[in-house]
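# Survey of secondary and tertiary structure
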Amino acid sequence: MVHTYGEMPDDLYLKPFLPLLSFLWRVYKKLGWDGVDNYERIGDEGIYDFFETRLNESIYTCKDVIDGKITEPEKVLSYIIMIPSLVIRSDLVIGTQKLFGGDSADVTFAVVHDYNAELLILLNCHIEDGIPVDWYLIREQDEILDRRHMKYGYKLREIPRRAKDMTKSANILMDVLKDIRNERTPQWSDADYYVGSVISSWAINLLCIPSNYESAGETYDGWASKEIYKLPDYTFTLHPYPSAFNMFFYKGRKDFCKIVASLTTNMNFYIQPFEPRNLELIRTRVPELFAIYQDQVLNEGVPYPIQTINSQYQNIKSKDPNIRFEKKYPKGDFITPDDIGLDFEEFLQGVYLDVNHETPAKKIDESKILSTGIGRNTIFK
């Protein structure tokens with residue numbers, strides 16, 4: 001049975017945005033809303049663990065590069081703090097993060113509940129000269145989320161729900177978050193501040209996005225959901241967006257993906273990993289989601305960059321309750337673990353390939369592998 005868009009209740013906050021979350025839309029078609037509604041099983045602790053894992057590895061990898069412990073940083077990937085959905089080559093971290101965040105910046109990501117936009121998690125990182133130097137994470141139960149905005153009187157946890165708009169919410173959140181920053185680290189009170197807002201399903205969907213090019217595309221879609229597709233709000237937004245990003249967005253989805261890939265991996269292709277802690281999370285708490293991911297990778301494969309940048313959403317504005325919102329890719333082969341001589345478990349560790357946006361969508365072999373793994377666990381080929 002293929003579940004249709006019209007089956008979802010109209011009062012679900014997530015409903016207008018679900019077709020843009022490519023993996024969870026795949027899950028919905030197969031399992032219906034019960035398959036997508038995984039928040040209670042993954043929980044705020046699971047989402048917290050997911051972000052903490054990526055943030056820690058990014059910080060420790062950056063430190064090891066600076067200390068000279070990583071000898072081939074051009075083959076070592078981690079995550080860019082300013083946009084945590086994107087991987088970045090270790091030798092490009094400082095320059096790219098300074099381009100996006102300047103010399104000194106705080107960035108806080110606010111993850112909100114799918115049902116009512118209530119605040120679940122705050123993740124903050126401070127960046128100096130492109131290097132992450134300090135961070136904290138706040139869970140849903142933390143009493144600091146009961147702190148109130150001086151003007152509006154809203155508790156921190158209820159601001160996204162009360163604001164009913166991600167940009168307005170981020171602006172109000174920033175007032176309180178700056179006060180917390182200035183109390184906690186007064187030496188950085190003059191640093192720039194950015195607030196990123198995401199719905200929790202965007203974070204869960206992110207866990208299962210198979211490649212860096214697909215992640216770049218979904219980052220664009222987070223902005224385009226409101227600006228281009230005219231949906232009620234953004235699925236992901238950063239307020240304010242760095243001026244460079246605003247230029248990238250207005251170039252369109254294809255050019256956005258290419259520019260971001262150029263700045264983060266020098267155009268090369270990366271099959272994104274499940275870190276051991278995150279792999280355990282999804283395998284034990286939502287095994288049916290992992291089974292769909294495994295089926296996708298083994299039986300369909302991962303789109304080549306040239307296919308991702310030329311893919312298109314079909315009928316995203318349609319009101320037809322039976323519409324399937326299929327994402328169309330250009331013809332060609334997809335990459336599977338067998339193609340590059342890896343088993344599924346090896347594939348899950350991350351694979352950095354000598355493949356770019358100009359590589360034809362035709363079968364390749366293991367000679368294209370540059371490294372496997374992520375961060376400090378990278379293995380060079």
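A brief report on the enclosed structure follows. (Residues numbered from 1 in each chain as written. Predicted model: local features only at pLDDT ≥ 70, side-chain atom pairs only at ≥ 80, totals over all residues. Heavy atoms only, no water.)

### A short note on the overall build of the protein
Scanning the protein for helices and strands turns up 14 helices and 13 strands. Scaling as 2.2 N^0.38, a compact globule of 381 residues should have a C-alpha radius of gyration of about 21 Å, and the protein matches this with 20 Å. Overall, the C-alpha framework of the protein stretches about 60 × 55 × 40 Å when taken along its three principal axes. Buried positions account for 61% of the 381 residues belonging to the protein. (Helix = DSSP H or I, 4+ residues; strand = E, 2+ residues; numbered from the N terminus. Rg over C-alpha atoms; globule rule 2.2 N^0.38 Å. Buried < 20%, exposed > 50% of the residue type's maximum accessible area, 1.4 Å probe, protein only.)

### A look at the side chain of R89
With respect to the element layout, R89 can be found in strand β2 (residues 87-89). Judged by relative accessible area, R89 falls into the buried class, the value being 12%. There is a polar contact of 3.4 Å between the side chain of R89 and the backbone oxygen of E74. (Polar contact = N/O pair within 3.5 Å; in protein donor to acceptor, adjacent residues only side chain to side chain.)

### Digging into the packing of helix α1 (residues 22-31) against helix α12 (residues 287-300)
Running from N to C, α1 and α12 point in directions that differ by 105°, and their axes come no closer than 10 Å. If you check the angle between α1 and α12, you find them roughly perpendicular. Counted together, F23, L24, R26, V27, K30 and L31 of α1 and E288, L289, I292, Y293, Q296 and E300 of α12 form the full contact between these two elements. Among the residues forming the contact of α1 with α12, the class breakdown is seven nonpolar, one polar and four charged. (Axes fitted to C-alpha atoms, helices over the stretch in contact; angles between N-to-C directions. Parallel < 35°, antiparallel > 145°, perpendicular 65-115°, else oblique. Contact = heavy atoms within 4.5 Å. Nonpolar A, V, L, I, M, F, W, Y, C, P; charged D, E, K, R; others polar.)

### Concerning helix α7 (residues 200-207)
Because the α-helix completes a turn every 3.6 residues, residues three or four places apart line up on one side. With eight of eight residues buried, α7 is to be regarded as a mostly interior element. Among the residues of α7, S200, S201, W202, A203, I204, N205, L206 and L207 are the ones counted as buried.

### So, unusual backbone geometry
Here the amide bond leading from H239 into P240 is cis, since omega sits at -10°, within 30 degrees of zero. In this model, K164 sits at a positive phi of 60°, which is unusual for a non-glycine residue. Assignment of secondary structure puts K164 in the loop between α5 (159-163) and α6 (166-184). Owing to a relative accessible area of 73%, K164 belongs among the exposed residues under this scheme. The backbone phi angle of K230 is positive, close to 60°, even though this residue is not glycine. For K230, the position within the fold is in the loop between α8 (212-227) and β7 (236-239). Using a relative accessible area of 59% as the deciding quantity, one classes K230 as exposed.

### A look at the sheet that holds strand β11 (residues 351-353)
Spatial strand order, β8-β11-β12-β13: four strands in an open sheet with antiparallel pairing. Strand pairing shows two members of the sheet lacking a second neighbour, β8 (269-271) and β13 (379-380), which therefore form its edges. Sheet topology note: the β11/strand β12 (residues 369-372) ladder contains three bridges and is antiparallel. Within the sheet, the bridge partner assigned to L353 lies in β12 and is I369. (Pairing = 2+ DSSP bridges.)

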